[in-house]
Each structure stands twice: as structure tokens, then as C-alpha cells.
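If you want the building blocks of each chain, they are given just below.
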Amino acid sequence: MSVRHTWVVREGATATSWFDVRLSFPDGARVEALAVLSGQGVRVEGVRAEPPLTLDDLAVLAEWLESPLFEACVPVSAGAAPAAPRRARPAWPRGREGCRLVAQEYRAARDVGGDPVLAVMRATGYSRRKSLRLIGQARDEGFLAPRRARR
């Protein structure tokens, strides 16, 4: 989950702040919401979900957003600078160690019949293009078999 302070509008002594909230789930589902902090409290202005939320999920949405929004809103409402965005992707080792871990994720997903590239994307937090580059580096390091046989 990530909460990003988007913008602030000040009118006299009051300020209204908007936050972009993104939730990503292990199964690939994601929810994006726009939350507004004003003098009356916090409101959710819009929600976009892929796949669409059921009514039960929509009822639980407030519980999902409550604590991350509170953490992001408290410094802003206290007059401090906007909270720095939290790092969305986990720390990933570089070099041979990173290639070895990429190869492990790739093989584990392939063994259970899953999408190996998607497994590397989830593990590293990188885009598809960057994950494919990491898989290629793991092949170059010898952790994975070559993609095509040389003639």
C-alpha cells in the first residue's frame, strides 16, 4: 500500500489536502482511491478497482485505508511538510545475489505452473521491462538456462 500527498489548497487559515492511495494485492488486484483531508475530516472522493469491488469489499475499504491515511494525514494536518512517500518496492540486492534470488523466484513460479515474469515482478516490485532485464542478467550469470540453443 502506498499513500502519496498529491496537492494542497489553502484558503485563509484552512487547508484542504488530497492524497492518492494505492493498494496492491498478491493476486494482482489493485485499488486506487483519492482521499481528501479538510476541516470536516477525511473523505474518499473516488475509487477505481481492478477487478471491480463487490459491495462487501467496498464496505471494508474504509478499514483498509484507515491507518495508512491517518499516518499520512497527521503530519499535514499539524501544519508540517507533507509526508515523504513510502518506498513501494522492497529493497532488492544487486549483483550476483540479486540474480540468484531472481532465478529462485523464476524457477519456483515455473514449477507451480505460474507466470515466472509476474513472480519476479511481485518479488522485486519492478516493472515488467525491468524484471525481464533482471531475468536476462540471471541467465547471463548462469543461474538460469539459456533462452535459446545456439547453433
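Residues numbered from 1 in each chain as written. Predicted model: local features only at pLDDT ≥ 70, side-chain atom pairs only at ≥ 80, totals over all residues. Heavy atoms only, no water.

Visitor: Looking at this model, I keep getting lost on helix α3 (residues 116–124). Mind explaining?
Guide: One turn of an α-helix holds 3.6 residues; hence residues three or four places apart share an orientation. Within α3, burial applies to Pro116, Val117, Ala119, Val120, Ala123 and Thr124. Projected down its long axis, α3 carries its buried residues within an arc of 160°, all on one side. On its buried face, α3 is in contact with α2 (95–111) and α4 (128–140). The N-cap residue of α3 is Asp115: its side-chain oxygen and the backbone nitrogen of Val117 are 3.2 Å apart. Phi turns positive, to about 85°, at Gly125, one or two residues after α3. (Buried < 20%, exposed > 50% of the residue type's maximum accessible area, 1.4 Å probe, protein only. Helix = DSSP H or I, 4+ residues; strand = E, 2+ residues; numbered from the N terminus. Arc of directions from axis to C-beta. Contact = heavy atoms within 4.5 Å. Polar contact = N/O pair within 3.5 Å; in protein donor to acceptor, adjacent residues only side chain to side chain.)

Visitor: Just checking my understanding: could you explain the side chain of Asp20 for this structure?
Guide: Relative to the helices and strands, Asp20 is located in strand β2 (residues 14–24). At 3.2 Å, the side chain of Asp20 forms a polar contact with the side chain of Arg22. Ignoring any residue separated from it by four or fewer positions in sequence, one finds Asp20 in contact with Ser2, Val3, Arg4, Thr6 and Ala33.

Visitor: Explain the confidence of the model for the protein chain here, please?
Guide: It should be kept in mind that the predicted coordinates are not to be read in detail where pLDDT is low. Looking at the protein chain, the pLDDT average stands at 80 and 86% of residues meet or exceed 70. Below a pLDDT of 50 lies the segment residues 76–80, which in the model reaches eight contacts outside its immediate sequence neighbourhood of four places, other chains included. (pLDDT = per-residue confidence, 0-100.)

Visitor: Help me out: how do you make sense of the pairing of strand β1 (residues 2–11) in this one?
Guide: Each regular strand displays side chains that alternate between the two surfaces of the sheet. Pairing analysis gives nine bridges linking β1 to β2, with the strands arranged antiparallel. Residue pairing in the sheet places Val3 in a bridge with Val21 of β2. Connecting β1 to the next strand, β2, in antiparallel fashion are two residues, including Gly12 with a positive phi near 65°. (Pairing = 2+ DSSP bridges.)

Visitor: Please explain the environment of Leu118 as it appears in this structure.
Guide: Checked against the element boundaries, Leu118 lands in helix α3. It is 8.8 Å that separates the C-alpha atoms of Leu118 and Tyr106, two residues lying twelve residues apart in sequence.

Visitor: So what exactly am I meant to see when it comes to the environment of Val102 here?
Guide: Here Val102 shows up in helix α2. For Val102 and Val120, which are 18 residues apart along the polypeptide, the C-alpha to C-alpha distance reads 6.2 Å. Once residues within four sequence positions are removed from consideration, Val102 is found in contact with Trp92, Val120, Leu134, Ile135 and Ala138.

Visitor: Help me understand unusual backbone geometry, please; the structure alone is not making it clear to me.
Guide: Peptide bonds are mostly trans, and most non-glycine residues show a negative phi. Note that the residue after Glu50, namely Pro51, is joined by a cis bond; omega there is -5°. When you line up the elements, Pro51 lands in the loop between β4 (41–50) and α1 (55–77).

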